[in-house]
Amino acid sequence: MGLTIDVHGLKVAYDSVPVLDGTEFSVDRGDLIALLGANGAGKSTLLRCISRILPPTAGRILLDGRELKSFKSREAARLMAVVPQETAADFDFTVEDIVMMGRFPYLTRFKKEDLHDREVVRRAMEMTGVTHLAERSIAQLSGGEKQRVVMARAVAQQPEVLLLDEPTANLDIGYQSMLLELASRLNREEGVTVMAAIHDINLAVHHFNRFILLAGGRVLAAGRAEEVITADNIRKSYGVPATTFRHPLHGVLQVSVVRGDKTRNAGNGGPRVHVIGGGEEAMPALELLYQKGCRLSVGPVSAQDSGCRFAHFNSLPVVIVPPFTTMNREHRGEHLNLLRESEAIVVPPIPFGEGNLPLFEEVEIVLDEGKPLYIIDLAGVPERDYSGGKAVALLRRLLEKGASGVERVEDLAKVIKRGGGEDDD
Amino acid sequence: MAGRLTDKDLQSRGAKLTRPILMAVLVLLLFLVALAAMIWGAVTIGWKNVFAILFDTLPFYQSETAAGIAPVYKDILLQIRVPRVLLAAAVGSSLAVSGAVFQGLFRNPMADPYVIGISSGAALGAVFAMLGGFSLAVGGFGAVPLFAFFGGLATILLVYSMARVGRAVPVMTLLLAGIAVSAFLSALVSLLTYFAGEKLHQVIFWLMGGLSGATWMQVKVMLPYAFIGYLSVSIFSRELNAMLLGEETASHLGVDTEKVKKILLAGASLLVAAAVSTSGIIGFVGLVVPHFVRLVAGPDHRFLIPASALLGGSLLIATDMIARVIIAPTELPVGIITALIGAPMFIYLLKKRRKLRYFGGGG
Amino acid sequence: MNKTVYLSMIMLLLGVLMIGGCAQSAVPEVEEPAAELFQPGGEGPIIVTDQMGREVTIDGIPQRLISLSPSNTEIAFALGLAERIVGVTEYCNYPPEAQEKELIGGFATPNIERIVELEPDLILASTIHEEAVTQFEALGIPVLVIESATLIELYTSISLMAELSGVTSAGEALIASMQSSIEAVEEQVASIPEAERVRIYYEVYSDPLMSAGKQAFINEIITLAGGINIFADIDESYPQISAEVVAERQPQVILYPDYHGTADLVLESMVDRPGWSSIPAVQESKVFAASDDVFARPGPRVVEAVEEAARLFYPQLFSQYGCDFCD
């Protein structure tokens, strides 16, 4: 089941503007491939070449070892089905009519649709969950329903190869997921070779196991997710800085674009501020202060914390403590140094427990030395106190020693502006 | 695994059963309308006599009543009216079918048989013939229909060669080229009409369209063209369905779009050229009849094309009858009647459907 | 677009213009009043060649005639065929007896069924009835097609009709009487020196401005009556002309067909036309209505038309002519 696709030296130009410039790759039977690349990288063009719509200027495409050109229209349609990005629906065919059109390659001129055809259509509609829409007019369906119908039609073609051209571009996340699930199910159960152009990398990674990344009209990288989806490749192909990380729940590789203005503000001579802790709760504070041009340091954090990643990414000083261990002398020394080097200290709305209370000893020391200390969301401390009240007591003490409470992160910006150094709002 | 149909399948097929019923209704309609048009005319013959004369033509049947009818009435019925009714059926169905094909080919609900200029070319040929004084030439065949026919065909060839890019002919280019050529040729026709002098009457009446010159000779010539044209397009009904979804999609489904486009274009053009050279430019039928059918039975061309043929034929027979009878002995141009009667009917039908089911409806 | 397409379009345009030019002379060539076309005597089938160049054969003398145009009707009645006429058009209003006949359609739109029902054995048609003629031929009914743009052609038409209907002598008599009446006018007119000939403008339509050219029968009438049609140089029947040229050519008398309106109204509107106040005809209020039925139909009443025209052009010479058809 499934067919191989081989693309050799493919060149395509629109009005002498080259789109594909020597594309080369191979797809095995039963592969489940996502075609990635920026807009205009040539994903759709490539698919249109493979589906025989667009004749290439140079190069060859082989389907199961045979030249693509050598297939007759009907023959090719029995082997390959295409799900396009959008289907114009300004006509009144019923859903069943549309799906039945998928049987066209199998019907000779004067043959009517027989029982077998109807059975195939019925199963295709069942599989894509559109059986209840059979008599409805396609013009009345929502985008997601329409795409399912088109998918059903493709399934009814009983293809060996399924090509999808940005099929989820106009769907909500529910339908997106459902559609790609269908495609991978076909691949799993029937061994159909599936190749889909997807612009949403994170979505692709959830459903596909092999990736081809196009850039500059050529294949930039091909293979498994880890090989293809790297910050470097993303930058080269999409032209934006990005970071990759593992999704906390599935561990699936994910991409996130880094916002431009952060790099702009790097080290802009704002006040030096240290932010305590650094899990997710610290992120808003870190981001805001960084944007405002403060020079930050972070800690203590463990290597997996968001705050640690933030620090690494922006090359900030950070105190890293292995997870589930208490700070040792060295850590404490580092921490103390950072505290002393900063002009102000911020305690974000982190939870407090036996594990992190000890670090406040150093904090108290510098507070005594006169450093400004800002505690965000004092009111919520009791809820975040997992130390049996010790945190509340500690903080009260810090307040008595001169620490200030700040209600929200945004207020922090104003306070620090007044407090220290220059800033450039 | 085949054959495991559930009740649901049978239900949905039940809805499709209405199509054969509709088809039977249309056939019956055509038959009845044709009969009515043979009974009514400028000259009163009486329906009993009409039946008698018609039956009398059957080889194995001799009618006593028929024997008693003056031969002039037989002549009127059999030599004038019957060919006229048959011609109306042939022309009406050709126009309706070609209209349906062009609407599907161009995916444009406003397309009619004349949209790519065949009528202008035919008109030019006809006016050429009329003014050049080639009249009454070429054995039995007027020079006018001959020139008109070839004028129409020449035009479609011209338009086709203008739109062609290599092996392919993009449909949008074809449409635009057709509109441009049509305008140009129409201007030429107007120019010639201006110089028509006393042939003006002739020219104007030809342009307005009408079936008053119907003879058996014309019927014998028109019918083969109508058949060939009809067959060549109806065979590709499924392909036309697929092409409604877009040429790329049709291609994905295995349709050889370039081949199909050429054949459909050729077949429809033949129908239009034959119709126009026979009876001038009769509007409305080709545009509206397919929409009628779509409103009732959906866009599937396997039903649309034969139904349009039947309905178009009926419509033209009926309107021609009205045109003949209403202020006899003067005849009104049939194109006026088709528009005056057809348009309100169409508007009524549109209003009655809550949702517009033709092209471009739906949310 | 490629060159071939452009080329074919230019050729097409040229071809059209050429044909347009030819169309002017598309009026059928007419034979002289040719006695040699007729078969002497009345036995056996009569064969004539009509003015469309068609051969028309009649067995015996036709008893049921149908006329497809008012002028044919007038000629037929003048030939004494009144009783044999069984069908006329709606526009056949002269002579009054014609209005009592069966109606078979309009001027350009004869109703084939009605005609066939009347079982004619000869149909009198004009060149505009081409389509109908084809049908009649297919049905085997003899059709005579006649057309007159000049007086000579009119005499031929009359002869043809007379010959085919078996009333040759009536035809000859009619022609003779017409000839003598018209020659009477011509003699008088001949005495008028060229320089004193009256310039005439005949306005067929006012919007657009349309006059009668060399091919129109009206031109013949004007010429016979001694006038000079200011548009006799245009070799068409009813050319559209421009108002400037009319003003330039300074007609002394203006004639218009009486379906236009009353003389006063017409004169008023003419005065208003830019540049027309300098036209002699307008200044002297010499704007007259002419009965369209009489002037535009090539038939026996051409005599009255010529006489009336002469009276209007040269009142001092032709005061003896009254006007039968004037109000």
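Please read all numbers here as calculations on a predicted model, not as lab measurements.

**Student:** Before we move on, could you go through the confidence of the model for chain C and cite the residues and values that matter?
**Tutor:** When the pLDDT values of chain C are averaged, the result is 82; 85% of them are 70 or greater. Predicted as a complex, the structure gets a pTM of 0.78 and an ipTM equal to 0.81.

**Student:** Tell me about the sheet that holds strand 9 (residues 210-215) of chain A, and please be specific about residues and values.
**Tutor:** Residue and element names in this part refer to chain A. If you trace the 6 strands from one edge of the open sheet to the other, you get 6-7-8-3-9-10, paired in mixed fashion. Every other strand in the sheet has two partners, leaving strand 6 (80-83) and strand 10 (218-223) as the edge strands with one partner each. Shown here is a sheet whose adjacent strand axes are inclined to one another by a mean of 20 degrees, direction ignored. Sheet topology places strand 3 (residues 32-37) next to strand 9; 5 bridges connect them, and they run parallel. Across the sheet, the residue bridging to G37 is L214, located in strand 9. Most of the contacts of helix 5 (residues 143-156) go to strand 6, to which it runs at about 180 degrees, and overall it touches strand 6 and strand 7 (161-165).

**Student:** Tell me about the arrangement of the chains, and name the residues and values.
**Tutor:** The structure contains 2 pairs of chains in contact, of which chains B and C account for the largest number of contacts. Structurally, chain A and chain C remain out of contact, their C-alpha atoms never closer than 18 Å.

**Student:** Describe the domain arrangement of chain C, and please don't skip the residues or the numbers.
**Tutor:** Residue and element names in this part refer to chain C. Domain boundaries in chain C define domain 1 (35-179) and domain 2 (192-313). A straight line from the C-alpha centre of domain 1 to that of domain 2 covers 30 Å. Each partner contributes residues to the interface: domain 1 has 14 residues there, and domain 2 has 12 residues. If you list the elements that add at least two residues to the side of domain 1 that touches domain 2, you get helix 2 (70-78), helix 5 (151-165) and helix 6 (168-190). Among the elements that take part in the side of domain 1 that touches domain 2, helix 2 stands out by supplying 5 residues, more than any other. Class assignment of the residues belonging to the side of domain 1 that touches domain 2 gives a composition of 9 nonpolar, 4 polar and 1 charged.

**Student:** Summarise the sheet that holds strand 6 (residues 122-125) of chain C; cite the residues concerned and give the values.
**Tutor:** All names here are of chain C. If you walk across this open sheet you meet the 5 strands as 5-4-3-6-7, and the pairing is parallel. Each end of this open sheet is capped by a strand with a single partner; those strands are strand 5 (102-103) and strand 7 (143-145). In this structure, strand 3 (residues 65-67) lies alongside strand 6, joined through 3 bridges in parallel fashion. What sits directly across from I66, in strand 6, is I123. Against the sheet, helix 2 touches strand 3, strand 4 (85-88) and strand 6, its axis set at about 140 degrees to strand 3. Lying over the sheet, helix 4 (residues 130-139) contacts strand 6 and strand 7, oriented at roughly 150 degrees with respect to strand 7.

Each value, and the rule that gives it
- Residues numbered from 1 in each chain as written.
- Chains lettered and ligands numbered in written order.
- Predicted model: local features only at pLDDT ≥ 70, side-chain atom pairs only at ≥ 80, totals over all residues.
- pLDDT = per-residue confidence, 0-100.
- Pairing = 2+ DSSP bridges.
- Helix = DSSP H or I, 4+ residues; strand = E, 2+ residues; numbered from the N terminus.
- Axes fitted to C-alpha atoms, helices over the stretch in contact; angles between N-to-C directions.
- Contact = placed C-beta atoms within 7 Å.
- Domains from an automatic or database assignment.
- Nonpolar A, V, L, I, M, F, W, Y, C, P; charged D, E, K, R; others polar.

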